[in-house]
Amino acid sequence: MIADEAFAEVKALVIARTGHHYYIDKDAQLAERVAHRMAATGDATIAAYRDRLRDPADAEWPHLESAVTINETFFFRFAEQFSALRTTILPAMIERNRDERRLRIWSVGCSTGAEAHSVAILLADLLGDGIADWRIVLTGTDIDEAALSAARSADYSAWALRTMGEAERERLFDRSGDRYRLKDRYRGIARFERHNLLTMIDAAAPLGYGDYDLILCRNVLIYFAQDDATAIVGALARRLATDGILLLGHAEPNPGFDAVADTAQVAGILTYRPLRSQPRPVAPPVELAPPLPALLPRRRPRVARRPEPAPLPRQPARPTRRSIISPRSTRWHRGTGTAPNVPFATRSIWIAPSPWRIISSAITCWRRAAIPTRGAA
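K.L.:
It is not clear to me how the nonpolar core should be interpreted in this structure. Could you clarify?
P.N.:
In summary, soluble globular proteins display a tendency toward joint burial of nonpolar side chains. Of all hydrophobic cores here, the largest spans 45 residues; its most connected members are Phe-75, Leu-85, Phe-173 and Leu-214. If one sorts the elements of this core by residue count, helix 6 (residues 114-127) sits on top with nine residues. If sequence neighbours within four positions are ignored, Leu-85 has contacts with Leu-90, Pro-91, Leu-122, Leu-214, Leu-216 and Leu-247.

K.L.:
Is there a simple way to think about unusual backbone geometry in this case?
P.N.:
Note: most residues except glycine have negative phi, and most peptide bonds are trans. Its identity as a non-glycine residue notwithstanding, Phe-78 has a phi of 65°, on the positive side. Mapped onto the elements of the fold, Phe-78 is located in the loop between helix 4 (60-68) and helix 5 (79-96). Residues other than glycine seldom take positive phi values, yet Ala-154 does so here, at roughly 55°. Topologically, Ala-154 is positioned in the loop between helix 7 (145-153) and strand 3 (155-157). When its relative accessible area of 0% is taken as the criterion, Ala-154 is described as buried.

K.L.:
Would you take a moment to explain the sheet that holds strand 4 (residues 173-176) for this structure?
P.N.:
Strands pair in a sheet through their backbones, by hydrogen bonds, and they do so in one of two ways: parallel or antiparallel. Judged by pairing direction, the sheet is antiparallel, and its three strands sit side by side in the order 3-5-4 without closing on themselves. Only two strands of the sheet have a single partner each, and these edge strands are strand 3 and strand 4. Strand-to-strand twist across the sheet, computed as the mean angle between neighbouring axes with direction ignored, equals 35°. Alignment of strand 3 against strand 5 (residues 179-182), held across three bridges, turns out to be antiparallel.

Thresholds applied
Position labels on residues start from 1 in each chain and follow its written sequence. A pLDDT threshold of at least 70 governs which residues receive local features in this predicted model, and a stricter bar of 80 or more applies before side-chain atom pairs are shown or counted, although totals over entire chains, interfaces and linings include all residues. Hydrogens and water molecules were not included; the side-chain quantities draw on all heavy atoms of the structure. Buried Ala, Val, Leu, Ile, Met, Phe, Trp, Tyr and Cys residues that are joined via side-chain atoms within 4.5 Å together make up what is termed a nonpolar core. For every residue, the accessible area obtained with a 1.4 Å probe (protein chains only) is divided by the maximum for its type, and the residue is called buried under 20%, exposed over 50%, and partly exposed between those limits. Where helices and strands are cited, they refer to DSSP runs of H or I of at least four residues and of E of at least two residues respectively, numbered from the N terminus. Whether two residues touch is decided by their heavy atoms; if any such pair falls within 4.5 Å, the residues are in contact. Two strands make a pair as long as DSSP finds a minimum of two bridges between them. Throughout, an axis means a line fitted to C-alpha atoms (over the contacting stretch in the case of helices), and angles, computed between N-to-C directions, take values from 0 to 180 degrees.

The structure is reproduced here in structure tokens:
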């Protein structure tokens, strides 16, 4: 069945009519529920069943809507929220409306009515016998007609009462075998009607419900696409009274809802209020630091210089054997074999003559000494 093209069209029709985006990736679960309905209608093929569903007014639609709806509910579900309702939220609403003696409460997606009847029990306990003097409009709505019939009868199994002790069950219910029927005192407070949440986000749809003191839409939005869930929250918030409160399931709050409703903490739980009805925190003004002065070029710190030591007196350089001298310094004193005594600054370093030059100079001196001078005796 799942591989058939007709099943894809049936799936699209179901999601478009109910808004149950939950089935977008759960073909097996949807196919099981569709097969059950096909057996009831006698349609042999999924194509024949699809042709039936193409008519929005076909009598099969309420039965299929009931088949694909998940009716998991029980009394006083989410104890934290019901504790806040009992101790804070409902007492404040009663006090605020004491002059008019009127309360309007809506349980959205009520399924078999456990949530709406739980609120009715709290109101009866808080108001006591004076509840007869109040105009209480407590409405539960759902798309599933079979679930609404069960809600009106207020007859439950022990599973729906699993959070309650035996004494509490005896106080609130009349037991018949394994069934528990809500006592008349509480059963007559809530009334139940069929309603499709998707009609709330249709721009052409009338406003309908409005001016509610309390709306409960818990564990309903998880089955819708995110855009549809945000639009539904906005539509519900617009139907609240000025001081009204909207409660969602624990897993349903989303940051995107802040664009369509205000939030407020009440008795430790998150609640939603009409948009712009609550003062929103304003960020403190940012104080800018004063401008910095113009930065001047950094100067290096002056470091005291150490006094340089006085230069040592220069000593006359000693002649070396292999240095280059100026031409004037190559003259020799006669008979001494030493370099002429010229200032150091005017000559280069003195080099001793080669041995051959010394011998040549010695022979020359000897010859001069051997020649007699004129006029000698």
